[in-house]
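Listed below are the residues making up each chain.
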Protein chains: 2
Amino acid sequence: AIYPITPSSTMAELADQWMSEGLPNIWGNVPVVQEMQSEGGAAGAVHGALQSGALTTTFTSSQGLMLMLPNMFKIAGELTSTVFNIASRSLATSALSIFGDHSDVMAVRTTGFALFCSGSVQEAHDFALLAQAATLEARIPFGHFFDGFRTSHELNTLTLLDDAEIRSMIDDRLVHAHRGRALNPEHPFIRGTAQNPDTFFQAREAVNPYYEKVPAILEGAMDRFAAMTGRRYGLFDYDGDAEADRVLVIMGSGAEVARAAAAALSEAGEKVGVIQVRLYRPFSVSHLLAVLPASVRGIAVLDKTKEPGATGEPLFLDVVAALAGAVGRGERAVMPVVIGGRYGLSSKDFTPAMAKAALDELKQDKPKSSFTLGIVDDLGHTSLAVDDGFMIEKDSVTRAVFYGLGADGTVGANKNSVKIIAEDAGLYAQGYFVYDSHKSGAQTISHLRFGPDPIEAPYLISQAGFVACHQFDVLMRQDPLKVAASGATFLLNAPYPKGEVWDRLPVSVQRTIIDKKLRLFVIDASAVAREAGLGGRTNTVLQTCFFAISGVLPHDKAIGYIKAAIRKSYARKGQVVVDKNFAAVDASLAKLFEITVPAEVTSRVVKPPLVPSDATEFIRSVTARLFAGEGEKIPVSMIPADGTFPSGTSAFEKRNVSEIVPIWREDLCIQCGQCSFVCPHSVIRARYDHEDKLIDAPEGFKSAAVTTRGYPEARFTLQFYIEDCTGCGLCVEACPAVSPREAEIKAINMADKLPILAAERESIRFFETLPVNDRACVNGSDVQGVQFLEPLFEFSGACAGCGETPY
Amino acid sequence: AIYPITPSSTMAELADQWMSEGLPNIWGNVPVVQEMQSEGGAAGAVHGALQSGALTTTFTSSQGLMLMLPNMFKIAGELTSTVFNIASRSLATSALSIFGDHSDVMAVRTTGFALFCSGSVQEAHDFALLAQAATLEARIPFGHFFDGFRTSHELNTLTLLDDAEIRSMIDDRLVHAHRGRALNPEHPFIRGTAQNPDTFFQAREAVNPYYEKVPAILEGAMDRFAAMTGRRYGLFDYDGDAEADRVLVIMGSGAEVARAAAAALSEAGEKVGVIQVRLYRPFSVSHLLAVLPASVRGIAVLDKTKEPGATGEPLFLDVVAALAGAVGRGERAVMPVVIGGRYGLSSKDFTPAMAKAALDELKQDKPKSSFTLGIVDDLGHTSLAVDDGFMIEKDSVTRAVFYGLGADGTVGANKNSVKIIAEDAGLYAQGYFVYDSHKSGAQTISHLRFGPDPIEAPYLISQAGFVACHQFDVLMRQDPLKVAASGATFLLNAPYPKGEVWDRLPVSVQRTIIDKKLRLFVIDASAVAREAGLGGRTNTVLQTCFFAISGVLPHDKAIGYIKAAIRKSYARKGQVVVDKNFAAVDASLAKLFEITVPAEVTSRVVKPPLVPSDATEFIRSVTARLFAGEGEKIPVSMIPADGTFPSGTSAFEKRNVSEIVPIWREDLCIQCGQCSFVCPHSVIRARYDHEDKLIDAPEGFKSAAVTTRGYPEARFTLQFYIEDCTGCGLCVEACPAVSPREAEIKAINMADKLPILAAERESIRFFETLPVNDRACVNGSDVQGVQFLEPLFEFSGACAGCGETPY
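The notes below deal with the structure included here. None of the values given here were measured: they were computed from a predicted structure.

What follows covers the overall build of chain A. Looking only at helices and strands, chain A features 27 helices and 25 strands. Scaling as 2.2 N^0.38, a compact globule of 807 residues should have a C-alpha radius of gyration of about 28 Å, and chain A matches this with 30 Å. If one aligns the C-alpha atoms of chain A with their principal axes, the spans along those axes are about 90 × 65 × 60 Å. Across the 807 residues that make up chain A, the buried fraction comes to 57%. At a minimum sequence separation of 6, the contacts of chain A that also span at least 24 residues come to 74%. Summed over its atoms, the accessible surface of chain A is roughly 31700 Å², and 53% of this surface lies on carbon and sulfur atoms. Positive and negative side-chain charges of chain A, numbering 75 and 94 respectively, have mean locations separated by a distance of 2 Å.

Quick look at the pattern of salt bridges now. All names here are of chain A. As enumerated under the stated definition, the model contains 67 salt bridges over all chains in all. In this structure, Asp-241 and Lys-271 form a salt bridge, with 3.7 Å as the shortest nitrogen-oxygen distance. A residue pair is termed long-range when its members are at least 10 positions apart, and Asp-241 in the loop between β8 (236-240) and β9 (246-251) and Lys-271 in the loop between α11 (254-267) and β10 (272-277) qualify at 30 residues. What makes Lys-271 partly exposed here is its relative accessible area of 38%. Each of the salt bridges in this network shares a partner with another, and the network as a whole consists of Asp-245, Arg-246, Glu-270, Lys-356, Asp-360 and Lys-363.

Here we take up helix α6 (residues 121-138) of chain B. All names here are of chain B. Taking 1.5 Å per residue, 18 residues should reach 26 Å; α6 reaches 25 Å between its end C-alpha atoms and fits that length. Along α6, the sharpest kink reaches roughly 25°, centred on Phe-127. Within two residues after α6, Arg-139 carries a phi angle of roughly 65°, on the positive side.

Attention now moves to the interface of chain B and chain A. Listed by partner, the interface residues are 103 residues for chain B and 102 residues for chain A. Joining chain B to chain A, the criterion identifies 6 salt bridges. In this structure, Asp642(B) and Arg139(A) form a salt bridge, with 2.7 Å as the shortest nitrogen-oxygen distance. Viewed at the interface, chain A and chain B are joined by 43 residue pairs in polar contact (both at pLDDT 80 or more).

Turning our attention to the packing of aromatic side chains. Residue and element names in this part refer to chain A. Across all of its chains, the model carries 34 aromatic pairs over all chains by this definition. Where Phe-116 meets Phe-127, the ring centres are 4.5 Å apart and the plane angle is 5°; that geometry is what we call stacked. Taken together, the residues span a long stretch of sequence, with Phe-116 in strand β4 (residues 114-117) and Phe-127 in helix α6 (residues 121-138) at a distance of 11 residues. Classification of Phe-116 by relative accessible area gives buried; the value is 0%.

Definitions and limits used
Residues numbered from 1 in each chain as written. Chains lettered and ligands numbered in written order. Predicted model: local features only at pLDDT ≥ 70, side-chain atom pairs only at ≥ 80, totals over all residues. Heavy atoms only, no water. Helix = DSSP H or I, 4+ residues; strand = E, 2+ residues; numbered from the N terminus. Rg over C-alpha atoms; globule rule 2.2 N^0.38 Å. Buried < 20%, exposed > 50% of the residue type's maximum accessible area, 1.4 Å probe, protein only. Contact = heavy atoms within 4.5 Å. Areas by Shrake-Rupley, 256 points an atom, 1.4 Å probe, with all protein chains shown as cover. Lys, Arg positive; Asp, Glu negative; His and termini not counted. Charge placed at Lys NZ, Arg CZ, Asp CG, Glu CD. Salt bridge = Lys/Arg side-chain N within 4 Å of Asp/Glu carboxyl O. Expected span 1.5 Å × (residues − 1). Bend = angle between axes of the 7 residues up to and from the residue. Polar contact = N/O pair within 3.5 Å; in protein donor to acceptor, adjacent residues only side chain to side chain. Phe/Tyr/Trp six-rings, centres within 6.5 Å; stacked < 30°, edge-to-face > 60°.

Structure follows, in structure tokens:
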């Protein structure tokens, strides 16, 4: 029973798809997948299905998990075998976030569910099965969780379990026992009574033996699994020096990072180690103590969650209690110093340097507790200093970063490349894709690693040997080259002739290219795609260029793989489409040029400021840095504590992402305003003005006589904020005066857009100076397609943004 | 914004009533009270109202609080001033329970709400105000909670704050600041954005300063409050020996119990103390350390919740972390041994003897942790032995216990008595009423204490100087005299002449009366009430008897108070009603007799077994003990761990509570079956049988020729399980053949009921041996008013219990 919520949706979508395709499970049945009205309903349906004896699961995250809480207490209280697979995600507080941390799982740690954490793509795959095997035996329900996005959306080489292996881990007798506990009219009983103070407490304690057995049961399953697959997992796994004096304790994908950091430090002679917690609930103190070296004097426990007002985060508290208890009982001689820290909230990147910072803190006389990693906390001074120079990536790993836009094909092409490299070329591969929550039209940054060994590096690439910028305009707003390593290859999609490109680069980009000694390759991918008949689809072109110059695979082999992939993807669309793509591959190679980098900066292009200099202090110091992709560096003191932000900042966020934008044909326009109403991005704004107001209008300012009778002195204006346009075409569809075909002709492509932009900007500046009444939208919307016409006319219109009449 | 849930409902109901009565708040406004469709809706409405700048609250418990969780994260994340008043209650696990513990509050401790715990009726009153004062200043929302039932439903003498005092604690500037933060179209801003990994973490840390200030802000409010009222509270309050070596840490009403126990132990020379935690979140480690004597070597932390699979319960973990941190930072020389225990789950009584058991455990070399108090855990052996002989109640306190039935007037009369004694007589008084969740018709036990000093004893009375049994039949099923102290007064309502009563008592009751040297008073309260024209309302009669013989007040004074109360209660119903009650008071005194207790047991009445000896082992060893009111003593091993109970046990729970029951007039009956259909307790069961089957029927077995044509050999039977009857009268209302008036004449009263019972039982026994088909109700209902007639007739009827056709 499912209800989609990011980042768990893919799991449910795949299950739904498999059902519709009739894919059978290991017993040859096609499971029923039922989408409910909410996660509350999904949890209720799961509870009900379990009580009918069906093996049942759900997939969820964040608020979805919270809505399941009441049912989870019941499911656990009734000792019901089930696995919830959770892509863990932040809970909405001062802001909503779709990104990953453990705050959702920690909010359900009171339910009595076992909580079992996988830390990689392979583990997520394996642990889903281990959890199912264990819950059937233990009768304690399992929450199997892993880091939302970082694990749920990472591509990595993994070994898939086949059905026979899955089958062998599931004991049919336990399934029958589960079914035997179902509510059944053939042998009626009652489950879920109302109890009074006389017995409720005893009932709560009667479950203890079941919890006590979980660790051993899961270990048993892990043993059988290891014998079968060779992949061995422990409830708590220690890696590091057997005589370590300092240890990190961590859960989830951060453990791989910490392990890599500790290994590097160990090589440098430091006595450190890492404990990865896999079974978080029930928390087996004895298993933790068994793996913790007796030599340890300092422990840093890292939690990927925050509980304001608590004495410490959850895992920290558990570790402290475990150790204090052991010392109290005389089982351990010395109480280590235990400090706790927070990291990775909402997918904040967690790097080896941060792991090192936590280990380093333990060297202090009075180490800080409740510290933070990965931010600058200039307010509460919780943050530890992190040495960004601590780099431990192996030279054998190819690292490539791609800047694209949502829905421009970059991510899809990169997923395809990962597949080619891992499946066809037999290398290990990793792909991770950083989207922002603007969705379509927003930026995507793809981080790809390839190499001869397994890639265990669940953090972003900061030193890439290959950087691609699939949208030229990104160079005007951001700094894609900050991730370029010295000597790296830089592939730039530029809508200019080969000879012009260098001079079109802003000064700062030229400077970086020269300083970092980058090799610069350019292609006009849009032109190649258009010429090959692929329209705006540049993914094949840019993927070909990547393989051609990155050196990750031999050239000819790579082109062969790409063509094979094209054949596979497009065969059912016909040979014509396949041929077009083949042509694009060949043309790409022909139109890909290396630019000889001059020794000196020659550009006169300066990056325009992201926001006007007269914007408010907050816009300039916070909002503009978010636009620039430098939000990571904004210190705590500058972020509003209660989530209160100035409104209307979308006016400053000029993404300029569309390759086609509308232009106004004032000769055809009937002034209905529908284009303005339907535009989802407020690109098109209409207003009436008295002609006297337009006396000072600049030359390019367009207006038309008003078609309404009785206002001969009024002029109508449609303004196009084309930098906000996403090219969706709804305005054209809505227009009763222009046929879509005709409108298409009038649309302009990117190459023609830039000069237009300047004139438009001047025109809009004037437009915005025209006096409007000061009534704001009741609901705070800044989508005001039709400005309120008062006081010019007695017209009390509704806000186009929210539909309300004005306040 | 409210949605009713036990035990918080009364708060919301009163607020609703006050609104409808137009009662103004301290600003002269009548607050809006809005009931929503669920607690999820209530939380959403609160969130919305707060964002509009209104001071807003809600009242909730248990699952209700869980449904508020997503909004609570938002409210706290947005630093919004509000107070949720929470009557804390168990969360449903293997069973639902409406009773009190902290599991609901602990399930929301991750939200970022401040959690502020009051431990008595006075504190609940005071802290609601302190919380409101503090939240306005701190901007952190407060969850003000107290023990469901034990505090929410206890009557106790308290000092009410007047409006001027409330007014003086609320700073209007802070209210204006709260309103100033409201969403407002006049100065628009946005609150509640979607954030990305770049800034979400910083935003979470930006709230830290607000949390850090909460302890000082609340302390400041407490100081102002103390100056005004003389009632001084601390964030953590220590009571006990300044050189204590052992200390209990506890929250809520249990603190009063623990303090009383520690005081008694201190007097006996033990070096012990108690810390009451009032501000649980944010947890101020420095305040805790400041009150904890340096001499302490052992700490037992008592939690009123359970988190299966955790390393310990929440408060325990906090105390361990606080101390380990202090030792680690060198702020404290020695790490005490800290053990944790659970008590009071679902209103399980917590007594001074249990507090002593926890302190005693700290004397052990290896004290047990994760222990339990108040149950016998023969499964996990978590329970500590409790010395029930440890009694610390003062002789100056009058203790009285009353056994009644829900809706029989006992609780109402006792609340009235508490009021008389506290308000009119100026003594301190406490009333606590133990209901079971059967509601109407179920047992009530009233625990009343009175005395010259404040009553701080939030636990049940185990040694009462006065015991009243308002229902004779209770003696047949339970042992009301187990709470009678030696030499106590026993008031028995018996439907027998004075001279007969002694012989009607079961052997075991006579034995107890003699052994405990009880004084026995009897009255036929029903007869007195009937004769005074009060129908079945015996409350005035029994209340009069209590005052007449308990000695809590001088006789004449008490009668005066009762009459004054009658005048107040019934004046608006007219002088006739007042006079009837006055007559009942006088008649009560005339018809109240003391029975001279013989030296030896003379009875031949033996309590009948509560369940038949051929019932299943579970029914005999568990269910029967629940019926007997001895569920407290059932050990853990005997309670189903997963909440699975045998169904149909209501067949064994013969409460025999109604004073009127129906009898069948087979001469008038048209065999429509409606009486059987409408009976909510399955008292009336109908069936057809072939006459041959009835050959062996006992003499009293009634049947009638079937009115349906074509079955001359069939007989119709209506059977009345009169021990299950609650006297609701629905059968009479539903009967088309008998007018209600006629039926009333046929109803029998209690005095006539007992002999009928015997004959009915024999008749029913035969009835139940008649063969029925073995089809069970689809939904497991055992309410089968009309037995399925197959194979006698081709009739496929629906189950009268659930309406489904059979499986």
